[in-house]
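Each chain is listed here by its residues.
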Amino acid sequence: MQSMAIDNALSALDVAKLLGVSKNTVYEMVRRGELKSYRVGRKMRFTKEDVDSYIARSHGAKRIKIPPVKSVEVHSGLLNREQDSAFIISGQDVILDILSNYLRERGVPALRAFVGSFESLLMLYQDKVQAATCHLWDGDTDSYNTPYVRRLMPGTNAVLVNLSYRMQGFYVRKGNPKGIRSWEDLCREDVYMLNRKKSSASRILLDEKLMQLGMDKSRINGYGKEIGSHITLANAIGRGEADVAVGTQRVCAQVENAEFVPMQEERCDLVIKKDNLNTPEVIALLEILRSPELKAELEGISGNDYRDIGKVVAEI
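Residues numbered from 1 in each chain as written. Predicted model: local features only at pLDDT ≥ 70, side-chain atom pairs only at ≥ 80, totals over all residues. Heavy atoms only, no water.

A. Summary view of the overall build of the chain. If you tally the helices and strands in the chain, you get twelve helices and 16 strands. Every one of the 316 residues in the chain was classed for burial, and the buried ones make up 53%. If you take every contact in the chain between residues at least 6 apart in sequence, the share linking residues at least 24 apart comes to 71%. With the model as given, the accessible surface of the chain reaches about 14,600 Å², and the carbon-plus-sulfur share is 47%. (Helix = DSSP H or I, 4+ residues; strand = E, 2+ residues; numbered from the N terminus. Buried < 20%, exposed > 50% of the residue type's maximum accessible area, 1.4 Å probe, protein only. Contact = heavy atoms within 4.5 Å. Areas by Shrake-Rupley, 256 points an atom, 1.4 Å probe, with all protein chains shown as cover.)

As structure tokens, this is what we get:
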């Protein structure tokens, strides 16, 4: 009986493809109790019956909380557009799945590109997407996002509309046995870290902090070991493969045997070109962001602070 369950097991990636959402959204659904899962060793697995049950419940509910959203693929940082008329939002936060669904309900053919802030800004500059999320810290100005919009979108007028605030910090093993509390602790000889890829927000935050503090990257054990996603990173720390990594608080809450050391609040904004502000798609997007209905739906998503959602926080 157990052999049959394992043979029919679905991975988080399989479920993400079935529902048309990101893998991180699947983990968030499990954390909130919306989708059942089980473990085979250290791996999270799902049955097709439980996924079908979730879909059936969603269709019978008043609103689908995390609905299937069509996405477009990204290869080598270049966007392969599924349809020319689509309104494409680039970024990886779960709020974008919900926002895209609201837009589709209003007749806007919204699609999602699941790439990070750095690549998202480049694609917005090249008109490959219509809105891009950004949560990049600049050490020289001690500010978020605006310096990067200026650098990566030169000569472009844009507005930055807030989505949320969230904590960046350290993933450590449960109980923090190495007592890691500061950026300087990363240089200790007894500490081994895992890293994100160079274009990710967490990696940019780390590198900016190291430069600001005059810390030598070559002194950090494991600095060159790059991991693809926050959830994989946090899982590796929880399993004891390393002592520390930099990432977001909400992801760490989904992982057993790992805990979070908060270091800095980051601001996540949606970047839109000023030339597009009066288009029907952007008008609808801003109305949705500022609506009580969306705010009520976001109350059930922990780990983010939506105090300024829909507010224009910067203009360029």
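B. Inspection of the pattern of salt bridges at higher detail. Summed over all chains, the structure comprises 16 salt bridges. Note that K273 and D127 form a salt bridge whose closest N and O atoms lie 2.7 Å from each other. On the criterion of sequence distance, the pair formed by K273 in strand 15 (residues 258-273) and D127 in the loop between helix 6 (117-125) and strand 8 (131-134) is long-range, its members being 146 residues apart. A relative accessible area of 11% means that K273 is categorised as buried. Three or more residues are tied together by salt bridges with common partners; here these are D93, R166 and E266. (Salt bridge = Lys/Arg side-chain N within 4 Å of Asp/Glu carboxyl O.)

C. Highlighting the packing of helix 2 (residues 12-19) against helix 3 (residues 23-31). Helix 3 packs onto helix 2 with a crossing angle of 100 degrees between their chain directions and a minimal axis gap of 8 Å. Accordingly, the angle class assigned to the pair helix 2 and helix 3 is roughly perpendicular. Facing helix 2, whose interface residues are A12, L13, V15, A16 and L19, helix 3 presents K23, V26, Y27 and M29. In terms of residue class, the contact of helix 2 with helix 3 is made up of eight nonpolar, no polar and one charged. (Axes fitted to C-alpha atoms, helices over the stretch in contact; angles between N-to-C directions. Parallel < 35°, antiparallel > 145°, perpendicular 65-115°, else oblique. Nonpolar A, V, L, I, M, F, W, Y, C, P; charged D, E, K, R; others polar.)

D. Just the side chain of S202, in detail. Take S202: it is sitting in helix 8 (residues 201-213). Here S202 is in contact with Q168, R196, H230, V246 and G247, once residues within four sequence places are set aside.

E. Region of the structure containing the pairing of strand 14 (residues 244-248). In terms of residue burial, strand 14 counts as a mostly covered element, since five of its five residues are buried. Where strand 11 (residues 158-173) lies against strand 14, five bridges are found, and the strand directions are antiparallel. The partner of G169 across the bridge, within strand 14, is G247. (Pairing = 2+ DSSP bridges.)

F. How the structure looks around the environment of Q264. Mapped onto the fold, Q264 is located in strand 15. Among the residues examined, Q264 registers a relative accessible area of 12% and is labelled buried. Contacts of Q264, omitting those with residues within four sequence positions, involve W137, Y144, R166, M167, Q168, L205 and K209. A distance of 3.1 Å separates polar atoms of two side chains, one belonging to Q264 and the other to Y144. (Polar contact = N/O pair within 3.5 Å; in protein donor to acceptor, adjacent residues only side chain to side chain.)

G. View of the confidence of the model for the chain. The predicted model of the chain has a mean per-residue pLDDT of 84, with 85% of residues at 70 or higher. This stretch, residues 1-7, has a pLDDT under 50; its non-local contacts, to residues over four places away or in other chains, come to three contacts. Within the model, the stretch residues 59-83 combines pLDDT values under 50 with 69 contacts to residues more than four positions away or in other chains. (pLDDT = per-residue confidence, 0-100.)

H. Fine view of the side chain of N195. Tracing the backbone through its elements, the reader meets N195 in strand 12 (residues 195-196). Relative accessible area serves as the criterion here: at 3%, N195 is assigned to the buried category.

I. Here's a closer look at helix 3. Among all positions of helix 3, only T25, V26, Y27, E28, M29 and V30 are buried. Note on helix 3: the residue one or two positions beyond its end, G33, has a positive phi of about 80 degrees.

J. Quick peek at the packing of helix 5 (residues 94-105) against helix 11 (residues 280-289). For the pair helix 5 and helix 11, the least separation of the axes is 10 Å and the interaxial angle reads 125 degrees. Viewed along their axes, helix 5 and helix 11 adopt a mutual orientation that is oblique. The crossing of helix 5 and helix 11 is right-handed. Residues L99, Y102 and L103 of helix 5 form the contact with helix 11, whose own contacting residues are E281, A284, L285, I288 and L289. The residue makeup of the contact of helix 5 with helix 11, split by class, is seven nonpolar, no polar and one charged. (Left-handed = near helix turned anticlockwise from the far one by under 90°.)

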